[in-house]
Amino acid sequence: MSSVCGWAKKKSLLRKEGQQGFTLLSSAQAAMATMVMESIGRVFISRQQIRQVPRLLTEAAPSMPGTVTDSEVPAYFRERYVSTGYRPLEQSWRYYFLSLFQRHNETINVWTHLLAFLLLLVKLRQLADMVDFVNDHHSWPLLILVLSSLTYSGFSVLAHLLGGKSELCHYLFYFLDYVGVAQYQYGSAVVHFYYAVDETMHRSMRGLFMPTATILSCLSCLGCCYGKYCNHTRPCWVRKVCQVVPSALAYMWDSSPVAKRLLLWSNDDLAVAYHFGQVAFFLSCSFFFTFPLLERYLPGRCDFVGQSHQVFHVLLSCCTFCQIHASYLDYVHRGQLYLRLHESDDAALFVGLYVLTLVGCALITAFMLRKVKHVLDFKLKLK
């Protein structure tokens, strides 16, 4: 009898412990469910907040005017086959900065190179962890390439974002854009001649290649600025010839070491695929820059998205990243060659030529901007 009573007590205790355990488990499940629901709620709130960003921006700038058609802006602002999406002139600087988040025909042009600029900063940070840019002077050509890439993409963002404020600002910021292009051409030349060149070509071109690259970069800047200056007084083809021909000459000269290397490539060349990539991307972007086929054959459909210049931006950014990675691989794997070819002070000389290129382009820009100012003052007097 006592054993039966003992068994009953044990069974009762087990039942109570099971109920307590179930209660604890239920409490834990309830707490976990509450945490999950709170997390989902936070995500949902975050998504709601993100969706409210355009409305908040609109409320922050309630006076921002909408876009206008090509007939409402001066002729020098108009792009061929783009009829709508232009921003009105003579607005506040705040308006043009906030137009970064507005839908207009320059939005994609701004964002393509703005994203490229941010990715280039990340790339520079990664390279700084792997390359001693301070003490290894043989790495300076690679640093010049990255800095020149940051410069051209940054100046491009400024041109497309702020160039619509006034006629003078239009010329100023696009002249800066051309300075960015010219010094990027020099950055391309220096890495190709320092890392990608072979011994035969280096022996025949030493003392000539980089000074010529400096001159061609300055001529490219002059041609682009003059083409922009003549934009509204000469036919469109004059502008394209002034911009394309000097840039094409600079590219052919600057890329000649890569071209020869691609003709003689071997399977053990780790960087050759990226060199092929940079050449293919550059030729493609040059085509879209020269021939605005998309907006020409799809009139009215590419005013905001799909312009040839937008494709040009994307392809040029891809070219730049292929070029940087190819140059990094050459820097790592072709050390024996460039250490033998280049003297210890060559890198410092090329840095000096880079500074000279910047100074030359700045003087050209100042000269052309002065001519623009004279024209604008004369037009103002006629009014």
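No experiment lies behind these values; they were computed from the predicted model shown.

S.K.: Can you help me understand the overall build of the protein chain in this one?
M.R.: A count of helical and extended segments in the protein chain gives 15 helices and zero strands. Counting over 383 residues, the protein chain shows a buried share of 44%. Restricting to contacts in the protein chain with at least 6 residues of sequence separation, those with at least 24 account for 73%. For the protein chain, the exposed surface amounts to about 20,600 Å²; the carbon and sulfur share of it is 68%.

S.K.: Would you explain the pattern of salt bridges in this entry?
M.R.: A side chain of one charge can pair with a side chain of the opposite charge if their charged atoms are brought near each other. What the rule picks out here adds up to eight salt bridges. Among the ionic pairs, Asp198 bridges to Lys260, the shortest N-O distance being 3.0 Å. A residue pair is termed long-range when its members are at least 10 positions apart, and Asp198 in the loop between helix H6 (167-196) and helix H7 (199-205) and Lys260 in helix H10 (residues 256-263) qualify at 62 residues. On the basis of relative accessible area, Asp198 is assigned to the partly exposed category, the value being 23%.

S.K.: Teacher, can you tell me more about unusual backbone geometry here?
M.R.: If a residue is not glycine, its phi is most likely negative; likewise, a peptide bond is most likely trans. A positive phi is found at Tyr81, a non-glycine position, where the angle reads about 70°. Relative to the elements of secondary structure, Tyr81 occurs in the loop between helix H2 (53-60) and helix H3 (93-98). Here Tyr81 falls in the partly exposed class, since its relative accessible area comes to 35%. With phi around 60°, Glu90 is a residue other than glycine that occupies positive phi space. Structurally, the position occupied by Glu90 is in the loop between H2 and H3. The exposure class assigned to Glu90 is exposed, which follows from its relative accessible area of 59%.

S.K.: I tried to follow the nonpolar core on my own but got confused; where do I start?
M.R.: Generally speaking, a soluble globular protein has its nonpolar side chains buried in company with each other. Counting residues in each nonpolar core, the largest one holds 45 residues, and the members touching the most others are Tyr186, Met210 and Phe350. Looking at which element gives the most residues to this core, the answer is helix H13 (residues 308-333), with nine residues. When residues no more than four places from it in sequence are discounted, the contact partners of Phe350 are Ile144, Tyr186, Val190, Phe193, Tyr194, Met210 and His342. Of all hydrophobic cores here, the second largest spans 34 residues; its members include Leu100, Leu114, Tyr171 and Cys230.

S.K.: When you look at the side chain of His138 in this model, what are you seeing that I'm missing?
M.R.: Summarising the element assignment, His138 is placed in the loop between helix H4 (107-130) and helix H5 (140-162). At 3.4 Å, the side chain of His138 and the side chain of His137 are in polar contact. With near-sequence residues (within four places) excluded, His138 lies in contact with Tyr194, Tyr195, Tyr331, Tyr338 and Leu339.

S.K.: I would appreciate a short explanation of the packing of H6 against helix H8 (residues 209-229) in the present structure.
M.R.: Relative placement of two packed helices is described by the angle separating their axes and the distance separating the axes. Orientation of H6 relative to H8, taken along the N-to-C sense of each, is 160°, at an axis distance of 9 Å. By the angle between their axes, H6 is roughly antiparallel relative to H8. The two elements H6 and H8 cross, and the hand of that crossing is right-handed. On H8, the residues touching His170, Tyr171, Tyr174, Phe175, Tyr178, Val179, Ala182, Gln185, Tyr186, Ala189, Val190 and Phe193 of H6 are Phe209, Met210, Ala213, Thr214, Leu216, Ser217, Ser220, Cys221, Cys224, Cys225, Lys228 and Tyr229.

S.K.: Before we go on, may I ask you to explain the side chain of Asp254 in this structure?
M.R.: Residue placement: Asp254 occurs in helix H9 (residues 236-254). Buried and unpaired, Asp254 has no salt bridge, with Arg261 as the nearest side chain of opposite charge at 16 Å. In contact with Asp254, other than residues within four places in its own chain, are Gln185, Ser188, Ala189, His192, Phe209 and Ala213.

S.K.: Explain H8 to me, please; I cannot follow it from the model alone.
M.R.: Since the α-helix packs 3.6 residues into each turn, any two residues three or four apart lie on the same face. Over its 21 residues, H8 extends 30 Å from the first C-alpha to the last, a length consistent with the 30 Å expected when each residue adds 1.5 Å. In terms of burial, H8 is a largely internal element, 16 of the 21 residues being buried.

S.K.: It is not clear to me how the packing of aromatic side chains should be interpreted in this structure. Could you clarify?
M.R.: All chains considered together, the criterion is met by 23 aromatic pairs. Seen from their ring centres, Tyr331 and Tyr338 are 6.2 Å apart, and the 10° between their planes marks the pair as stacked. An aromatic cluster of three or more residues is present, and its members are Phe193, Tyr194, Tyr195, Phe209, Trp253, Tyr331, Tyr338 and Phe350. Positioned above the aromatic ring of Phe304 is the side chain of Arg103, whose terminal nitrogen or guanidinium carbon lies 3.8 Å from the ring centre. Against the face of Tyr174 rests Lys228, its NZ or CZ located 4.4 Å from the ring centre.

S.K.: Please clarify how the environment of His192 should be interpreted in this entry.
M.R.: The residue His192 is located in helix H6 in this model. Using a relative accessible area of 1% as the deciding quantity, one classes His192 as buried. In the structure, His192 is positioned 131 residues away from Gln323 in sequence and 9.4 Å away in space, judged by C-alpha atoms. Residues in contact with His192, not counting those within four places in the same chain, are Val197, Asp254, Ser255, Pro257, Val258, Gln278 and Gln323.

S.K.: Which parts of the structure should I look at to understand the environment of Thr320?
M.R.: Take Thr320: it is sitting in helix H13. By relative accessible area, Thr320 is classed as buried at 1%. For the pair Thr320 and Gln278, spaced 42 residues apart in sequence, the C-alpha separation works out to 6.9 Å. Setting aside chain neighbours within four positions, we find Thr320 in contact with Leu120, Ser149, Tyr152 and Tyr184.

S.K.: It is not clear to me how the UniProt feature "binding site: Zn(2+)" (unreviewed entry) in the protein chain should be interpreted in this structure. Could you clarify?
M.R.: Mapped onto this structure's residue numbering, the UniProt feature "binding site: Zn(2+)" (unreviewed entry) falls at His160, His309 and His313. Spanning 154 residues, the named residues nonetheless gather at one spot, since no C-alpha pair among them exceeds 11.5 Å. Inspection of the secondary structure puts His160 in helix H5. Classification of His160 by relative accessible area gives buried; the value is 4%. Not counting the four nearest positions on each side in its chain, His160 is found in contact with Arg87, Glu106, Asn109, Val110, Tyr174, His309 and His313. A polar atom in the side chain of His160 sits 3.3 Å from the side chain of Tyr174. The residue His313 is located in helix H13 in this model. Judged by its relative accessible area of 1%, His313 is buried. A polar contact is formed between the side chain of His313 and the side chain of His160, at a distance of 3.4 Å.

Criteria and cut-off values
- Residues numbered from 1 in each chain as written.
- Predicted model: local features only at pLDDT ≥ 70, side-chain atom pairs only at ≥ 80, totals over all residues.
- Heavy atoms only, no water.
- Helix = DSSP H or I, 4+ residues; strand = E, 2+ residues; numbered from the N terminus.
- Buried < 20%, exposed > 50% of the residue type's maximum accessible area, 1.4 Å probe, protein only.
- Contact = heavy atoms within 4.5 Å.
- Areas by Shrake-Rupley, 256 points an atom, 1.4 Å probe, with all protein chains shown as cover.
- Salt bridge = Lys/Arg side-chain N within 4 Å of Asp/Glu carboxyl O.
- Core = buried A, V, L, I, M, F, W, Y, C linked by side-chain atoms within 4.5 Å.
- Polar contact = N/O pair within 3.5 Å; in protein donor to acceptor, adjacent residues only side chain to side chain.
- Axes fitted to C-alpha atoms, helices over the stretch in contact; angles between N-to-C directions.
- Parallel < 35°, antiparallel > 145°, perpendicular 65-115°, else oblique.
- Left-handed = near helix turned anticlockwise from the far one by under 90°.
- Lys, Arg positive; Asp, Glu negative; His and termini not counted.
- Expected span 1.5 Å × (residues − 1).
- Phe/Tyr/Trp six-rings, centres within 6.5 Å; stacked < 30°, edge-to-face > 60°.
- Lys NZ or Arg CZ within 6 Å of the ring centre and 35° of its normal.
- UniProt positions renumbered as here; feature names shortened; annotations may be inferred.

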